[in-house]
Amino acid sequence: MTTFADLGIDQDIVDAIAAKGIIDAFPIQEQTIPLGLPGQDIIGQAKTGTGKTFGFGVPVVQRLGKDPEHGVKALIVVPTRELAVQVYEDIDLLTSNRSTSVVAIYGGKAYEGQIDQLKAGAQIVVGTPGRLIDLAGQRLLDLSNATEVVLDEADKMLDLGFLADIEKIFQKVPAVRHTQLFSATMPGPIVALARRFMSNPIHIRANDPDEGLTQANIKHLVYRAHSLDKDEVIARILQAEGRGKTVIFTRTKRAAQRLVDELGDRGFNVGGVHGDMGQEQRERSMAAFKAGKRDVLVATDVAARGIDVDDVTHVINHTIPDEDKTYLHRAGRTGRAGKTGIAVTFVDWEDLHKWALINRALEFGQPEPVETYSSSPHLFEDLNIPAGTKGRLTTAPKTQSVKMQRAPRPERAADAAAEQGSGDGTTRRRRRRRGGSGDKVGSTFTEGTTANESASSDAAPTVERDAEGAGTHDGKGGEHHDGKSAPQRRRRRRRSGGAAPAGA
DNA sequence: AAAAAAG
């Protein structure tokens, strides 16, 4: 096994990586770092969760050297704000033993802090296109010395929605530069297009050609959702034995928010990430999920790419994605860094053709989704969901989830009081459910975080939830992205029987 | 057509 120390990397960077307990290099790192260090242009392709960020990050940091000269010399462009935060943190780690300064530049946040860091002489910029172009246009970001340029999730960055912005950005950086493009997916036409921005790039595919396109560590289960109560089945999957964290993907922002509310009402410890949420809340939600304070995240495709969270054991596609690439990236939120994971996909009647496409493109060899969960018990067997109720499912939340509910948000308590006249309507219902099969379930995750939690007593989760829930920071309503109060939303949902919004 | 990305 090749280690980072074997790859010609400066000792202080090797030490910085080792401080996180990482010694061995993944194949993509082993192959791209020795080429990136001397400045070779690279198109780097490797499966999800196999270390691409260090693959481009180590050469960027090392090539800047320890030159104390201020000013932006490296630019890393990513497609989402949360990914900007994450890549910023990874690069910041690599620079922890040298003076190189890194800044994250992305929208939805106050300009001030970002501008201050630029003025203070930040040398590496990680950012999303809109804010980068915005600040460059205001002459607050000077890219004319950025001789290191990286597009992370490069195929996405060169996709129609981003291409015009990326072209603008390439006009602002030096013509003579070191350019690296990385992604798990690099369709031929995109590679051809990418060459316009590179000089004599070498295309590295760290994938074993025999392995196919998908991560071998991920098990894919696909079910027909025809006449299926998906909320109910998803609730049941969340009770799978040995479940760690779970990411649930929806097609629309509205569907994501609805599911957050629904699973929250059922007592699960759930948060969301989607574009209708305020940026502060998006980040708080991601951080809570990464830290293990929550174990369910409902997201749109904003979280499909790049997001790296430890111990995600399940990905659930509430709605099947349109593209095979998106499927692969979504599923790739689990099975990272050599761990195993399960991807469960529900295929609605009108989406059968999408599965046909994905199945063909990714060579699954399963032309039809499994009939439905009821006519095929595989789902529960494959997922280690304790045997029990057939037909209508119970939705006993996991022990951990109930624990998190023990200090209800003020908003929720007020809600219940308003509806019941006494304060404990919802809570009592949840308590009754707790006695069932839930206790045994999810012990792996439960133990880790319970210990954590009792150490910090009730304070941490409560403060966290309060801050997110009540929207006290900006007065703009926090999680009530649609401008409705929680009681309003809940009533509306009840009337519609919990079904998906009509327009979705 | 949706989601993302500037405000």
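About the thresholds
Residues numbered from 1 in each chain as written. Chains lettered and ligands numbered in written order. Predicted model: local features only at pLDDT ≥ 70, side-chain atom pairs only at ≥ 80, totals over all residues. Heavy atoms only, no water. Helix = DSSP H or I, 4+ residues; strand = E, 2+ residues; numbered from the N terminus. Buried < 20%, exposed > 50% of the residue type's maximum accessible area, 1.4 Å probe, protein only. Polar contact = N/O pair within 3.5 Å; in protein donor to acceptor, adjacent residues only side chain to side chain. Contact = heavy atoms within 4.5 Å. pLDDT = per-residue confidence, 0-100. Axes fitted to C-alpha atoms, helices over the stretch in contact; angles between N-to-C directions. Parallel < 35°, antiparallel > 145°, perpendicular 65-115°, else oblique. Nonpolar A, V, L, I, M, F, W, Y, C, P; charged D, E, K, R; others polar. Phe/Tyr/Trp six-rings, centres within 6.5 Å; stacked < 30°, edge-to-face > 60°. Lys NZ or Arg CZ within 6 Å of the ring centre and 35° of its normal. Near = heavy atom within 4 Å.

**Focus on the side chain of Thr250**
Relative to the elements of secondary structure, Thr250 occurs in the loop between β9 (245-249) and α11 (253-265). For Thr250, a relative accessible area of 0% gives the class buried. Polar side-chain contacts of Thr250 include one of 3.0 Å to the backbone oxygen of Thr252. Ignoring anything within four residues of it in the chain, the contact list for Thr250 reads Ala255, Ala256, Leu259, Val298, Ala299, Thr300, Asp301, His318, Thr319 and Arg330.

**Overview of the confidence of the model for chain A**
Within chain A, residue pLDDT values average 80, and 74% of them lie at 70 or more. Of the regions scoring below 50 in pLDDT, residues 389-504 engages in 171 contacts with residues more than four places distant in sequence or in other chains.

**Some details on the packing of helix α13 (residues 324-331) against helix α14 (residues 352-362)**
Between α13 and α14, whose axes approach to 9 Å, the crossing angle comes to 75 degrees. Considering their axes alone, α13 and α14 lie roughly perpendicular with respect to each other. Contacts between α13 and α14 involve Asp324, Tyr327 and Leu328 on the former and, on the latter, Leu357, Ile358, Ala361 and Leu362. Grouping the constituent residues of the contact of α13 with α14 by class yields six nonpolar, no polar and one charged.

**Details of the packing of aromatic side chains**
As enumerated under the stated definition, the model contains six aromatic pairs in all. Between Tyr327 and Trp355, the ring centres sit 6.4 Å apart and the planes meet at 65 degrees, which makes this aromatic pair edge-to-face. Of this pair, Tyr327 sits in helix α13 while Trp355 sits in helix α14, and the two are 28 residues apart along the sequence. Both rings, one in Trp355 and one in Phe364, keep their centres 5.6 Å apart while their planes meet at 20 degrees; by these two values the pair is stacked. You can call Trp355 buried: its relative accessible area is 0%. Connected via pairs of aromatic rings, a cluster forms that spans Tyr327, Trp355 and Phe364. The cationic tip of Arg131 hangs over the ring face of Tyr111; the distance from NZ or CZ to the ring centre is 3.8 Å. Between Lys245 and the ring centre of Phe289, over which it is positioned, the NZ or CZ distance is 5.8 Å.

**Details of the protein's contact with DNA strand B**
In the vicinity of DNA strand B there are 22 residues, among which Arg131, Thr252, Lys253, Gly275 and Asp322 approach most closely. Looking at DNA strand B alone, sugar and phosphate atoms form 81% of those within 4 Å of the protein. Within the backbone of Arg81, a nitrogen or oxygen atom sits 3.1 Å from a phosphate oxygen of DNA strand B. Interatomic distance of 2.9 Å between a side-chain N/O atom of Thr300 and a phosphate oxygen of DNA strand B. Taken together, the elements giving at least two residues each to the surface near DNA strand B come down to α6 (129-137) and α8 (160-172).

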